[in-house]
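# Structural features, examined
Chain by chain, the residues:
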Amino acid sequence: MTSAGHVIALCGGVGGAKLAFGLTRLLDPEGLSLIVNTGDDFEHLGLTICPDLDTVTYTLAGLADRERGWGLAGETWNFMAQLRKLGGEHWFNLGDKDLALHVERTQRLAAGQSLSQVTAGVTAALGLRHAIVPMSDQPVRTIVDTIDGPLPFQHYFVREQCRPVARGISFAGAEQSVPSPAFTAALGRQDVAAVIICPSNPYLSIDPILAIPGVADALARLDAPVVAVSPIIGGRALKGPAAKLLAELGGLSGVTAVAAHYAGLVDGLVIDESDACEADRLRETGIAALVAPSVMTSDDDRIRLARDTLAFATGLTRRELRRA
Ligand code: FO1
């Protein structure tokens, strides 16, 4: 299937990557701009690590570890074991095969390539036809402000296991950043049929993209519906340690909270069947709602949700609701 127009998808790591996989199975490479969060990126052991770009890359290439959610399937951990023996910093797990991507990226960046160029190079080498576009080529770093002081995201999330109580999130470098060239080009297109916000964490994965100056305004100006797929399923808070962070920041405890978070930006929200009872409440707040199976276990689930979401988004006549 190809859409009658271009689709822009905003995407974080695990959940977002699954829907991105579905979108790439339905849309031609020219029909999709896959914009990925780089707020989780950091420098570690002298390497530039870009977790969400890598999760999307490995997922689209069919190489991702489906259980863990990040890294490569069939990974080995000799490097980490040896690093630990030497007394090195071993709180962030870099698999032996995964390490190659971080080393190669770091080398290419040092040689003067932009993050967009590096990403295009490595994704092509892995046989991907669809472009994976970093949100910006400038460093934007998610910082969690905790009662113990500010922590870079991976230090808070992985090293500290989200233990320090969080007071806020900021995106260092966002104000000086600009959208990457391919993102800018996508935002300037006249033929955008829909913007899809993938089921990624709104605070941690989508807000950094929206924090780049001009992005939220450009999305609002597009003459195309904006549809988010709820990362919350069954009324539960987001899973994992991120749930604690979100609770401390005021919570995101249901699909109506997701809609409220994206108020003014989205025209429609895709919610799981287990949240169907919320659909009318959403519609009363002026958000179109599609109830669709949203748990993505198999590749077929990913493709079906992508198909449902595209049909829903492109069927929304326009953004009268947002304009009202
Ligand atoms: N997440 C962890 O919880 N522990 C890790 O040791 C870890 C290593 C890691 C290495 C490469 C990579 O691309 C991702 C990695 N992640 C790890 C995931 C990363 O923290 C993600 O940013 C978060 O899961 C949020 O999306």
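Just so it is clear, the structure is predicted and the values come from calculations on it, not from any experiment. (Residues numbered from 1 in each chain as written. Predicted model: local features only at pLDDT ≥ 70, side-chain atom pairs only at ≥ 80, totals over all residues. Heavy atoms only, no water.)

### Observations concerning the environment of Ala194
With respect to the helices and strands, the residue Ala194 is situated in strand E9 (residues 192-197). Ala194 sits in the buried class, given a relative accessible area of 0%. C-alpha of Ala194 to C-alpha of Gly74: the two residues are 120 residues apart in sequence and 36 Å apart in space. Residues contacting Ala194, with those up to four places away along its chain left out, are His6, Val7, Ile8, Ala224, Pro225, Ala313 and Thr314. (Helix = DSSP H or I, 4+ residues; strand = E, 2+ residues; numbered from the N terminus. Buried < 20%, exposed > 50% of the residue type's maximum accessible area, 1.4 Å probe, protein only. Contact = heavy atoms within 4.5 Å.)

### Some details on the nonpolar core
Within the largest apolar cluster, 38 residues are counted, with the highest numbers of intra-cluster contacts made by Ile8, Leu10, Ile197, Leu219 and Leu269. Filtering out sequence-adjacent residues up to four positions away, Ile8 remains in contact with Ser33, Ile35, Ala186, Leu187, Val192, Ala194, Val195, Ile196 and Leu222. In terms of nonpolar packing, the next biggest core, distinct from the first, is built from 36 residues, Cys11, Leu19, Leu26 and Ile303 among them. (Core = buried A, V, L, I, M, F, W, Y, C linked by side-chain atoms within 4.5 Å.)

### Quick look at the packing of helix H1 (residues 14-26) against helix H13 (residues 299-315)
The geometry of H1 relative to H13 is characterised by a closest axis approach of 7 Å and an angle of 75° between their N-to-C directions. Comparing the axis directions of H1 and H13 gives the class roughly perpendicular. The segment H1 lies against H13, with Lys18, Leu19, Phe21, Gly22, Leu23, Arg25 and Leu26 engaging Asp299, Arg302, Ile303, Leu305, Ala306, Arg307 and Leu310. (Axes fitted to C-alpha atoms, helices over the stretch in contact; angles between N-to-C directions. Parallel < 35°, antiparallel > 145°, perpendicular 65-115°, else oblique.)

### Here's the deal with the sheet that holds strand E11 (residues 268-271)
Strand pairing within a sheet occurs via backbone hydrogen bonds; the two strands may be parallel or antiparallel. Pairing in this open sheet of seven strands is parallel, and the strands run E5-E2-E1-E9-E10-E11-E12 from one edge to the other. Looking at which strands have only one partner, the edges of the open sheet turn out to be strand E5 (132-134) and strand E12 (288-291). For this sheet, the mean inter-axis angle between neighbouring strands, taken without regard to orientation, is 25°. Pairing between E11 and E12: four bridges, direction parallel. (Pairing = 2+ DSSP bridges.)

### Digging into the packing of helix H4 (residues 96-110) against helix H5 (residues 115-125)
Packing of H4 against H5 brings their axes to within 10 Å, and their N-to-C directions diverge by 135°. Regarding the angle of H4 to H5, the classification is oblique. Where H4 crosses over H5, the handedness of that crossing is right-handed. Facing H4, whose interface residues are Leu101, Arg105, Arg108 and Leu109, H5 presents Leu115, Val118, Gly121 and Val122. Broken down by class, the residue content of the contact of H4 with H5 amounts to five nonpolar, one polar and two charged. (Left-handed = near helix turned anticlockwise from the far one by under 90°. Nonpolar A, V, L, I, M, F, W, Y, C, P; charged D, E, K, R; others polar.)

### Considerations on the packing of aromatic side chains
By the definition in use, this model includes five aromatic pairs. For the ring pair Phe42 and Phe92, a centre distance of 4.9 Å and an interplane angle of 75° mean the geometry is edge-to-face. With Phe42 in strand E3 (residues 42-44) and Phe92 in the loop between helix H3 (78-85) and H4, the pair connects residues that are 50 residues apart, well separated along the chain. The two residues Phe42 and Phe92 agree in class, both being buried. With a centroid separation of 5.8 Å and 70° between ring planes, the pair formed by Trp91 and Phe92 is classed as edge-to-face. Pair check on accessibility: Trp91 and Phe92 agree, each one buried. Cluster of aromatic residues (ring-pair linked, three or more members): Phe42, Trp91 and Phe92. It is Arg68 that lies over the ring of Trp70; its NZ or CZ is 4.7 Å from the centre. The ring of Trp91 has Arg159 lying over it, and the distance from NZ or CZ to the ring centre is 6.0 Å. (Phe/Tyr/Trp six-rings, centres within 6.5 Å; stacked < 30°, edge-to-face > 60°. Lys NZ or Arg CZ within 6 Å of the ring centre and 35° of its normal.)

### Considering the pairing of strand E10 (residues 226-229)
Burial along E10 is two-sided: Val226 and Ala228 facing one way and Val227 and Val229 facing the other are all buried. Across three bridges, E9 lies against E10 in parallel orientation. Residue Ile196 lies in a different strand from E10, and its bridge partner there is Val227. Bridge count for E10 against E11 is three bridges, and the pairing is parallel.

### Some words on the sheet that holds strand E6 (residues 141-146)
Here we have three strands laid out as an open sheet, ordered E7-E6-E8, and antiparallel in their pairing. With one partner strand each, in any of the chains shown, strand E7 (149-152) and strand E8 (166-172) form the two edges of the open sheet. Strand after strand, the sheet turns through a mean of 25° between neighbouring axes, direction not considered. Examined bridge by bridge, E6 and E7 share four bridges and lie antiparallel to one another. Bridge pairing links Thr146 to Gly149 in E7.

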